[in-house]
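# Breakdown of the fold
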Amino acid sequence: MFVPQVADGPPSSHDSPQLRPQMTRREIEAALASGSPPPVFTPSLRRSLRKDRQDPESDSDQQLLHPRQRKPAGVQSLPASTPEAEKHKGQLFFRPRTSILDYTELMYQGSDRIRGLVTCFWTVIGAYLVSLLLSHYESNGEFLASGLASLIFSRATDLVLSDLALVLSTAFVVPFVRVLWIGRWQPRWLDPRHPRSMLFQAAAEIGWLVVWYTWQGTRGWPWSQRCFFSLHTAVNWMKVHSYLSTNRRLACSLRTRDELKERQGSCKEEDETIQTQIRDLDAELCPYSARFPETQTLANYAMFQLCPALVYEIEYPRTSRIRWGYVAEKTAGTAGIFIVFYIVVAHLMIPHLERMHEVGLLLTTVHLMGPMATCWLLFFFITFDSIANGFAELTCFADRRFYDDWWNARGLDDFSRKWNRPVHMFLARHIYMPVRELWKGRRDAAGRGLFRRMQKSMPPSVAAMAATFFFSSILHEVTIVVACHRWNHGLFFFSQMMQIPLILFTERAAWFREQQALRNWSFWLAMVFFQPFLLCMYTYGAFVPKTSDVIDPSGM
């Protein structure tokens, strides 16, 4: 990337006449490519460059923007919204962006700044895997351990059909919304604005979860299939909840708008206020080009189901076409990373887990720190860089910001916001913001008792953070319990909830808050040690009463 040099004095007579103070960044690079000397940083040039940096929607070179501001190639922005819709844009989380580490997207945009780094990384990984496989062949007479493969692919047809039925069953939300909340024959007693409507929605979601968790428990699958099915069930439940909650809110706005239209004209003094309220509600129901409730169709829900997003919106930013070469690269990347993942687990983790009863818990944790960190990084790349970007390309989903620079996290709260943005956005939309607004609204209400005093003393942001961590901890613990078929005394739940005092300590300790490098080091040390420690605790205490069952398809 070109960095202009700053001259100490005014331009000399030998400066090229093609370099003007009003030149944009693209024009400067074109002039330098032709052999012109570096430009002088005049005030007008500074203003021009600053404008290019601050306007990611302009025609300036998108490759020079921060990766989170770049648009995917062929992006098609949402239509211009009305002025009234600007009030609701703060509730929208989506705009055209690319992933920070999406090497394929950078190559499509003509940038090769990290090509050598990516090539070096995979060359080193490949060389290490070849050495590992040769060592395994010398010791066991085979290149690749096959025990884990037989476990993963056992009863694969049953798993695929069950997973397909799981995804198709989520389509019940479309007739649920149309019949009960926006249909022509919706029951009057089930007003979406009434609390009973929320209870009815919760009962439907819980019933759906119980059905599929019960189904998973009766299939007799090994632990690998149970883990996958439990995670996919949790993901689909989040999609169901977001779809129902967002449409219930929109149904409330639609019913309120219809009532205001009926009142319009009855009193001339109130007409202007009513018209303003109707315009605001229209902007919420139609923020861009699509309009609620016309969007409530099976096709619209199928697109949401395929999009790599857990928060439902009427309309998402779209790209103009599908780049099949990009899809092929992401598919190949998914297969390659899965092979590396399998080799690391089968050759570097399973042997240590089998000997854990002999060497002890602490020593096994130390042995697993490297392989576990490697699997964690591979899981990140296969999930957010390969699979999520691949489905985003297939659905023309333009917002590819599935993660932020979590490797620069300075604490657990920073990591939770940046590591998994789809889940973070779901928690922010459906847990954090509602709890914060509810706590803020009831903070000044009259009353007595411990809970009322706690409401007055605790800031709404802290209460919302605690509620979000509590919900996330419950969701993680339930998923693990269902996958393992055993309860390990809430170990994962308590490890999640212990993050709250650590976050509060980090925010209030001024001497530690300003030590950015120390905070990043402490974050990485905690992640590298405690992840294999939790794995060993669950493996030793719940997964394998007999360690040979780790790769036994009938075990666990």
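Computed from a predicted structure; not experimentally measured. (Residues numbered from 1 in each chain as written. Predicted model: local features only at pLDDT ≥ 70, side-chain atom pairs only at ≥ 80, totals over all residues. Heavy atoms only, no water.)

## A look at the overall build of the chain
- Looking only at helices and strands, the chain features 22 helices and two strands.
- Considering the chain as a whole, with its 556 residues, one finds that 44% of them fall into the buried category.
- Sequence-distant contacts, at least 24 apart, represent 74% of the contacts inside the chain between residues at least 6 apart.
- Counting only carbon and sulfur atoms, one obtains 63% of the accessible surface of the chain, whose full area is about 29400 Å². (Helix = DSSP H or I, 4+ residues; strand = E, 2+ residues; numbered from the N terminus. Buried < 20%, exposed > 50% of the residue type's maximum accessible area, 1.4 Å probe, protein only. Contact = heavy atoms within 4.5 Å. Areas by Shrake-Rupley, 256 points an atom, 1.4 Å probe, with all protein chains shown as cover.)

## Concerning unusual backbone geometry
- Cis geometry marks the peptide bond from F292 to P293, where omega comes out at 10°.
- Looking at where P293 falls in the secondary structure, it is placed in the loop between α10 (268–285) and α11 (298–306).

## Re α11
- Those residues of α11 lying buried are N300, Y301, F304 and Q305. Viewed along the axis of α11, the buried residues span an arc of 140°, placing them on a single side of the element. Along α11, exposed side chains directed more than 90 degrees from the buried face belong to L298 and A299. (Arc of directions from axis to C-beta.)

## What about the packing of helix α18 (residues 460–484) against helix α20 (residues 499–508)?
- In contact at an axis separation of 10 Å, α18 and α20 are set at 145° when each is read in the N-to-C sense. The two elements α18 and α20 cross, and the hand of that crossing is right-handed. Side by side, α18 and α20 meet where M465, A466 and F469 of the first sit next to Q499, I500, I503 and L504 of the second.
- In terms of residue class, the contact of α18 with α20 is built from six nonpolar, one polar and no charged. (Axes fitted to C-alpha atoms, helices over the stretch in contact; angles between N-to-C directions. Left-handed = near helix turned anticlockwise from the far one by under 90°. Nonpolar A, V, L, I, M, F, W, Y, C, P; charged D, E, K, R; others polar.)

## So, the pattern of salt bridges
- Across all of its chains, the model carries 19 salt bridges by this definition.
- E284 is paired through a salt bridge with R249; the nearest N and O atoms lie 2.6 Å apart. Separated by 35 residues along the polypeptide, E284 in helix α10 and R249 in helix α9 (residues 223–263) bring together distant segments of the chain.
- Owing to a relative accessible area of 31%, R249 belongs among the partly exposed residues under this scheme.
- Among the salt bridges present, the one from E313 reaches R429, with a minimum N-O distance of 2.5 Å. Taken together, the residues E313 in the loop between α11 and β2 (318–319) and R429 in helix α16 (residues 421–442) connect sequence positions 116 residues apart. For the pair formed by E313 and R429, the shared burial category is buried.
- Several salt bridges share partner residues, and in doing so they unite R257, D258, D282 and R291 into one network. (Salt bridge = Lys/Arg side-chain N within 4 Å of Asp/Glu carboxyl O.)

## Notes on the nonpolar core
- Formed by 58 residues in total, the largest nonpolar core has its most connected members in W181, Y243, F292, F397 and F415.
- Listed by contribution, the elements that provide at least two residues to this core are α6 (156–169), α7 (173–182), α8 (195–217), α9, α11, α14 (361–394), α16 and α22 (516–543).
- Here this core takes 10 residues from α9, the largest share from any one element.
- When near neighbours in sequence (up to four residues on either side) are disregarded, F292 contacts I182, N247, L250, A251, L254, L285 and I314. (Core = buried A, V, L, I, M, F, W, Y, C linked by side-chain atoms within 4.5 Å.)

## Focus on the packing of aromatic side chains
- Inspection of the entire model under this criterion finds 39 aromatic pairs.
- Geometrically, the ring pair formed by F94 and F397 is edge-to-face, given 5.8 Å between the ring centres and 75° between the ring planes. In this pair, F94 sits in the loop between β1 (75–76) and α3 (103–108) while F397 sits in the loop between α14 and α15 (412–418), placing the two residues 303 residues apart along the sequence.
- Its relative accessible area of 1% is what places F397 among the buried residues. (Phe/Tyr/Trp six-rings, centres within 6.5 Å; stacked < 30°, edge-to-face > 60°.)

## Let's talk about the side chain of R97
- In this fold, R97 is placed in the loop between β1 and α3.
- With relative accessibility at 4%, the residue R97 sits in the buried group.
- Within the structure, R97 has its side chain in polar contact with the side chain of D399 (distance 2.7 Å). (Polar contact = N/O pair within 3.5 Å; in protein donor to acceptor, adjacent residues only side chain to side chain.)

## A word on the packing of α9 against α16
- It is the contact of α9 with α16, at a shortest axis distance of 11 Å, that shows an interaxial angle of 35°. In the packing of α9 onto α16, the handedness of the crossing is left-handed. Every residue of α16 that contacts α9 at W237, M238, H241, S242, S245, T246 and R249 is listed here: V423, F426, R429 and H430.

## A short note on the state of the cysteines
- Throughout the structure, instances matching the rule amount to zero disulfides.
- Sulfur of C307: no disulfide; nearest cysteine sulfur belongs to C396 and is 9.1 Å away. (Disulfide = S-S within 2.5 Å.)

## Re the confidence of the model for the chain
- Summing up the model confidence of the chain, the mean pLDDT is 76 and the portion of residues at 70 or higher is 75%.
- Under a pLDDT of 50 for its full length, residues 36–70 has, in the predicted model, 80 contacts with residues more than four places off or in other chains.
- Low confidence marks residues 77–92, where pLDDT is under 50. Its contacts with residues over four positions away, or in another chain, come to 32 contacts. (pLDDT = per-residue confidence, 0-100.)

## Considerations on the environment of R400
- Counting through the fold element by element, R400 comes out in the loop between α14 and α15.
- On a C-alpha basis, the gap between R400 and R95 in space is 8.9 Å, while along the polypeptide they are 305 residues apart.
- A distance of 3.1 Å separates polar atoms of two side chains, one belonging to R400 and the other to E393.

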